[in-house]
Structure formats: structure tokens, C-alpha cells
Amino acid sequence: MNLKKISLWACSLVLCCISTSCIDTTATAKGAYTSGVFVVCEGPFAGTGSVSFFNRTDTTVKNDIFAAANNNASLGNVIQSMAIQGNSAYVVANNSNKITIVNSSDFVKTNLMDNTVLPRYILPITTAKAYISEYGKDTATGKNAGAIRVYDMVNNQITKRILLGTQGANQMLITGARVYVGNDGGNIFGSAVDSVVSVVTANGDSLIKNIPLGAGAYNVKGMAFDVNNDIWILCTGDWNKAGSTGKLIKVHGEVVERTFEVPLGASSLVADPSKYNLYFVVDNKIYTKNILNFGANPPTVWMENANFKYLYGLGYDEKSGFLFVGDGGDFKSAGKMYVVNPSDKSIKYTKTVGVAPNGFYFN
């Protein structure tokens, strides 16, 4: 390069640095998603889902951040969940049978894992290994078969499949080397039901046992640890059984200790940062349960609001102390996200997000 060309290049560079006309305002800035809340939006059943992002600092929301960072590419049909491990985020598309791996700070796609059947959730076990729950199929019978896929995160491959003897594996929790898997039937439109939580050892990647949840405790739709490391399990019930109700169940030492009846359709169980208070949604209301004196205090309605259309997901942000509430509305158009201050039940922010917001993941 001669001196004249170097001089012209240097001048151009300086002008670009001081002129806004040289900046691509449509591009996603590097590190734009390093501090905030990812909102998983299932999307319409016959369409595509998306992920929105709420910025804690300026309280703005960016919708469909994957399309914005990847030339309008799609994440797939029914975005069920996601997980963050290190610098990567794993976005699970249930009906599309795939998990898209992105850089968590800018949401640029880095890889794809598509060797699973109807995946639901992904749970990092170590920095190199994760479990993927799936509704799955039994290759011999073609029927629903709940299972865990053991996923090598370094080499992006499945190394093992753990059959649970259930209809459909769903949410997972880990403590020590034990992974607890809630089973929810695998097919809400049919007659299949589950009434167990599976226990898997993360050391040997094998099923230890299934914990029976008791009569009428159908289809686990939420699990959370309390401050004593006991597990609380929320069962939505069975829409196909007359008189069915939901259940909130306390499991201590892998044995059911107490069961409360709640309305049919309960879902989205979360614990607050203290792990003394539980929250879930049902009948367009937010319910709560304090774990103290658990025998005397059944769950009660904690919050109602005339603006709620169809409550669908909850998340508790430990950094801000706020409860995040997803409202699916009509499940065809953009949903709403409410940010609630639990101290006075005030709605601090109302934001428009993607279709059918079902979960929140905090970065």
C-alpha cells in the first residue's frame, strides 16, 4: 500500500468514527445482552417462536433478538425453554426437535444440536455435560417415552439416552449428584398422564427410581427447592378426568410429606430468592405459598389484575428482586410481560414481547 492510499484510508477511518452515518444502526452491538432478562416466547402453535430481551439498566425490550442477529433466521416451532452455560445460551425448540446454540452476549448462532425427539428443557450438569429432557418416542412401540439425553457440550453430541419409564420428561432440578425430573404426560391433548418424579444420578447417568406422587397428582408442571432443600412439586392435573384438580406437593427425603389441592391447570412454579415463598399461576391469578407452618397454610391468591389476559409464565429475578410475569393473551399476537414489585404488588413495567411468553432466564 503506498503512502497516498494509507493517508486516504486513515482519513476515511477518522470520518467514520465521528460520523453517525457510518454506523449500522440495525446491527446488534457486541455484548448487548450481558445484563438482563431473556424472555422465551413459544410463538403460535403453527408458527415460529422467538426470544425477547429486557435490559435492566434502561428497561427497554428488544424482540426476536435471534432473527436480528442472524439475518432473520428462525429458531423453530414452539420455543420451550433455554439455558445459559458460560458464554453460550441453548434455546430449545420442542416441535422442531432442535436446540440452537448462540453466544449469550450477542445471540449470534454458533452451533446446532438436532439429535433429540420433542426436547423440553436443558440442564447443565458440569461445564462439559448437560441433560436434555424429552417427551420422546419408544422406537419399538412408537408410543410416548419420557427420557433424558446425556449431551456432550464440548463435542456437541448425544452420548446416552436414559429411559425413565414415563410418558414425558419435563422440568429438571439438580442437587449434588441427583437430578430430579418432573414428568408431565408428554401429550396434553391425549389420555397419557404421569404421576411420578424421576431420580437420576449425574455420576452414572442412570435412573435410580421414580417417586410416586400419590393419587390424582397428575402431570408435573413445575418444581422448586425451598430454603431447606426440600422439593415442591406442582401438578397441573388431568383435563380428561372428571373432578381432577391440581396439586402442590412437598417432598422431603424423596418421600411425599404433604399435598395441597389447587385449581386444575396450575403451572409455572417459582421460588423467591429467600426460598421461603413459592408462586405459581392458575385461573389468571398468581398464587403464593409460604413454606413455614406448611400444614396450616394452603396456597392462596396473591395477585389479580384486570389487565391480565392469560397468565402463562413466571420468573423471579434475584438481581432486581422483581417477579416477572408472562401473559399469553390470545396466543396469536404479541404477548405482554409484567414486572412486579413483590413488596407492594405494584406493576413497575408493562412490556410487549413475542407470542406466548412462557419463561424467563436471567443473565
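The coordinates are above.
Keep in mind the model is a prediction, meaning the values are calculated, not measured.

A. Looking closely at the sheet that holds strand S9 (residues 129-134). Read from one edge of the open sheet, four strands run S8-S9-S10-S11, paired in antiparallel fashion. Of all strands in the sheet, those with a lone pairing partner are strand S8 (119-124) and strand S11 (157-163), marking the two edges. Each strand of the sheet is rotated relative to its neighbour by a mean of 25°, with strand direction disregarded. With six bridges joining them, strand S10 (residues 147-152) and S11 adopt antiparallel strand pairing. Its bridge partner lying in S11, Ala 147 is registered against Leu 163.

B. Structural context of unusual backbone geometry. Of note in this structure, Asn 72 is not a glycine but carries a positive phi near 65°. Residue position: Asn 72 is located in the loop between helix H2 (65-69) and strand S4 (79-85). For Asn 72, a relative accessible area of 68% translates into the label exposed. One non-glycine residue with positive phi stands out, namely Phe 331, at about 65°. Here Phe 331 lies in the loop between strand S25 (323-327) and strand S26 (336-341).

C. How the structure looks around the pattern of salt bridges. Under the criterion given, the structure shown has ten salt bridges. Residue Asp 317 pairs with Arg 56 through a salt bridge whose shortest N-O separation is 2.9 Å. A residue pair is termed long-range when its members are at least 10 positions apart, and Asp 317 in the loop between strand S24 (311-316) and S25 and Arg 56 in the loop between strand S2 (50-55) and strand S3 (61-62) qualify at 261 residues. Lys 247 serves as the salt-bridge partner of Glu 261, at 3.3 Å between the closest nitrogen and oxygen. Here the residue Glu 261 occupies a position in strand S19 (residues 255-262), and Lys 247 occupies one in strand S18 (residues 246-252), the gap between them amounting to 14 residues. By relative accessible area, which is 59% here, Glu 261 ends up exposed.

D. Inspection of the nonpolar core at higher detail. Counting 16 residues, the largest nonpolar core has Phe 38, Val 51, Ile 65, Met 82, Val 91 and Phe 107 as the members making the most contacts within it. Elements with a minimum of two residues in this core: strand S1 (36-41), S2, H2, S4 and strand S5 (88-93). Discounting chain neighbours no more than four positions away, the residues touching Ile 65 are Tyr 33, Phe 38, Val 51, Phe 53 and Phe 107. Leu 173, Val 197, Ile 211 and Val 251 belong to the second largest nonpolar core, which has 15 residues in total.

E. Representation of the pairing of S18 within the structure. S18 sits mainly inside the fold: six of its seven residues count as buried. The sheet contact formed by S18 and S19 spans seven bridges and is antiparallel. Bridge pairing links Lys 247 to Glu 261 in S19. The hairpin formed by S18 and S19 contains two residues between the paired strands, and Gly 253 there has a positive phi angle of roughly 60°.

F. Fine view of the side chain of Asp 230. Relative to the helices and strands, Asp 230 resides in the loop between strand S16 (220-225) and strand S17 (231-235). With relative accessibility at 8%, the residue Asp 230 sits in the buried group. In terms of polar contacts, Asp 230 uses its side chain to reach the side chain of His 252, at 2.7 Å. Here Asp 230 is in contact with Ala 224, Phe 225, Lys 250, Val 251, His 252 and Gly 253, once residues within four sequence places are set aside.

G. A look at the packing of aromatic side chains. The full count for this structure, using the stated rule, is 17 aromatic pairs. Their ring planes at 75° and their centres at 5.0 Å tell us that Tyr 279 and Trp 302 sit as a pair that is edge-to-face. Within this pair, whereas Tyr 279 is found in strand S21 (residues 277-282), its partner Trp 302 is found in strand S23 (residues 300-303), the two being separated by 23 residues in sequence. In this structure, Tyr 279 and Trp 302 share a single accessibility class: buried. Taken together, the aromatic side chains of Phe 54, Phe 324, Tyr 349, Phe 360 and Phe 362 make up a single cluster linked through ring pairs.

H. Spatial organisation of the sheet that holds S25. Taken in spatial order, the four strands make up an open sheet running S24-S25-S26-S27, and their pairing is antiparallel. In this open sheet, the two strands that pair with only one neighbour each are S24 and strand S27 (346-352). Across the sheet, the axes of successive neighbouring strands diverge by a mean angle of 20°, strand direction being ignored. Here S26 pairs with S27 via six bridges, running antiparallel.

I. Structural context of a nonpolar patch on the surface. Together, Val 227, Tyr 276 and Leu 292 line one region of the surface with nonpolar side chains, adding up to about 250 Å² of accessible area. Mapped onto the elements, Tyr 276 comes out in the loop between strand S20 (267-271) and S21. Taking relative accessible area as the criterion, Tyr 276 reaches 34% and is therefore assigned partly exposed.

J. Layout of the environment of Phe 66. Examined against the element boundaries, Phe 66 turns out to sit in helix H2. On the basis of relative accessibility, which here comes to 3%, the residue Phe 66 falls in the buried class. Spatially, the C-alpha atoms of Phe 66 and Thr 100 are 10.0 Å apart, while their sequence positions differ by 34 residues. Ignoring any residue separated from it by four or fewer positions in sequence, one finds Phe 66 in contact with Ala 73, Ser 74, Leu 75, Thr 100, Val 102, Phe 107 and Lys 109.

What counts and what doesn't
- Residues numbered from 1 in each chain as written.
- Predicted model: local features only at pLDDT ≥ 70, side-chain atom pairs only at ≥ 80, totals over all residues.
- Heavy atoms only, no water.
- Pairing = 2+ DSSP bridges.
- Helix = DSSP H or I, 4+ residues; strand = E, 2+ residues; numbered from the N terminus.
- Axes fitted to C-alpha atoms, helices over the stretch in contact; angles between N-to-C directions.
- Buried < 20%, exposed > 50% of the residue type's maximum accessible area, 1.4 Å probe, protein only.
- Salt bridge = Lys/Arg side-chain N within 4 Å of Asp/Glu carboxyl O.
- Core = buried A, V, L, I, M, F, W, Y, C linked by side-chain atoms within 4.5 Å.
- Contact = heavy atoms within 4.5 Å.
- Polar contact = N/O pair within 3.5 Å; in protein donor to acceptor, adjacent residues only side chain to side chain.
- Phe/Tyr/Trp six-rings, centres within 6.5 Å; stacked < 30°, edge-to-face > 60°.
- Patch = residues over 30% accessible without salt bridge, like charges linked within 9 Å, V, L, I, M, F, W, Y side chains within 5 Å.
- Areas by Shrake-Rupley, 256 points an atom, 1.4 Å probe, with all protein chains shown as cover.

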